[in-house]
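Geometric and topological summary
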Amino acid sequence: MLVLVAPGQGAQTPGFLTPWLELPGAADRVAAWSDAIGLDLAHYGTQADADAIRDTSVAQPLLVAAGILSASALGDTATIAPGAVAGHSVGEITAAAFAGVLDDVAALTLVRKRGLAMADAAAITETGMSALLGGDPEVSVAHLEKLGLTPANVNGAGQIVAAGTLEQLAVLNDDKPEGVRKVVPLKVAGAFHTHHMAPAVDALAKAAADLTPADPTLTYVSNKDGQTVATGAEVLERLVGQVANPVRWDLCMETFKKLGVTAFIEVSPGGTLVGLAKRALPGVKTLALKTPDDLDAARELIAEHSA
């Protein structure tokens, strides 16, 4: 059984969209999306530097556009036939497009508003996120809470991401939980999936009210709690609430196991979720769709493992 997943913010790197725009029709498609949301996706995905694409309002639509574009290069979802789809943080909007809950323009319109709303919320207080490498999750969570930090991403494979003010994160760097080898700051511009994002929830709820979601045509796994979601209305409700709720990717991977996953493909700019899957899902074949050079290998994996 094949699972198709989409990464979250921080996966972007300068120029990563360049090779995808060389595929037939891709540049025109991205230009149309750019016009629809008022953001030059091609520029940011090919020419902008790391600081420019770190901007939340840019990074989020760029990631969703890349995810949709790279997945469509494999074929439509009926051809790919994944047994389940999921996304990490903003990648859930990409997964909603995979599952037919939102069409491409609706997904990109929503993520553009999401990025702007979260950027505004992040500007209220200087906040950020850092990954903890090593350690016991239960010990780490208790230590984070003692420091006033939120375990915003519980990613499985022993990885937890802490979020809070820059002052709190600085204390964490000097006062690591027992067993944690290193604290690594992430390339994000705020404490996402925490109470710091509460203002963005209200803005996103207003944006979602203008959309008419369809029920998912594929098994959609929510990173709120790893549960499958059967209606488009509930998917959209969860997409709104998740900006201020922790991401439980560990529970998503537990659900993949229960569903019988045998192969795992992460769309562009892939790599982060594949790394977690290699540690948490032993025996499952994984592939990160980083550039079009990976398409043939991905198609072979699909042929062997799709439903």
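Structure: above.
All values reported here derive from a predicted model rather than from experimental measurement.

1. Observations regarding the packing of helix 1 (residues 26–37) against helix 7 (residues 104–122)
Close contact between helix 1 and helix 7 brings their axes to 10 Å; oriented N to C, the two are set at 50°. The orientation of helix 1 with respect to helix 7, classified from their angle, is oblique. Relative to helix 7, helix 1 is oriented so that their crossing is right-handed. Contacts between helix 1 and helix 7 involve Arg29, Trp33, Ala36 and Ile37 from the first element and Asp104, Val105, Leu108, Thr109 and Arg112 from the second.

2. Here we look at unusual backbone geometry
Here the residue pair Ser268 and Pro269 is connected by a cis peptide bond, since its omega of -5° sits within 30 degrees of zero. Here the phi dihedral of Ser89 falls at roughly 55°; this positive angle occurs in a residue that is not glycine. Even without glycine at this site, His193 takes up a positive phi of about 65°. By the element assignment, His193 lies in the loop between strand 6 (180–185) and helix 10 (198–208).

3. Overview of the pattern of salt bridges
Under the defined criterion, the tally for this structure stands at seven salt bridges. Among the salt bridges present, the one from Asp250 reaches Arg248, with a minimum N-O distance of 2.7 Å. On the basis of relative accessible area, Arg248 is assigned to the partly exposed category, the value being 28%. With a closest N to O distance of 3.7 Å, Lys285 and Glu304 form a salt bridge.

4. With respect to the side chain of Gln12
Residue placement: Gln12 occurs in the loop between strand 1 (2–6) and helix 1. From its side chain, Gln12 meets the backbone nitrogen of Gly10 in a polar contact 2.8 Å long. In terms of polar contacts, Gln12 uses its side chain to reach the backbone carbonyl oxygen of Ile53, at 3.1 Å. If sequence neighbours within four positions are ignored, Gln12 has contacts with Ile53, Arg54, Ala59, Leu63, Lys187 and Pro269.

Parameters at a glance
- Residues numbered from 1 in each chain as written.
- Predicted model: local features only at pLDDT ≥ 70, side-chain atom pairs only at ≥ 80, totals over all residues.
- Heavy atoms only, no water.
- Axes fitted to C-alpha atoms, helices over the stretch in contact; angles between N-to-C directions.
- Helix = DSSP H or I, 4+ residues; strand = E, 2+ residues; numbered from the N terminus.
- Parallel < 35°, antiparallel > 145°, perpendicular 65-115°, else oblique.
- Left-handed = near helix turned anticlockwise from the far one by under 90°.
- Contact = heavy atoms within 4.5 Å.
- Salt bridge = Lys/Arg side-chain N within 4 Å of Asp/Glu carboxyl O.
- Buried < 20%, exposed > 50% of the residue type's maximum accessible area, 1.4 Å probe, protein only.
- Polar contact = N/O pair within 3.5 Å; in protein donor to acceptor, adjacent residues only side chain to side chain.

On their own, these measurements won't tell you what the molecule is for.
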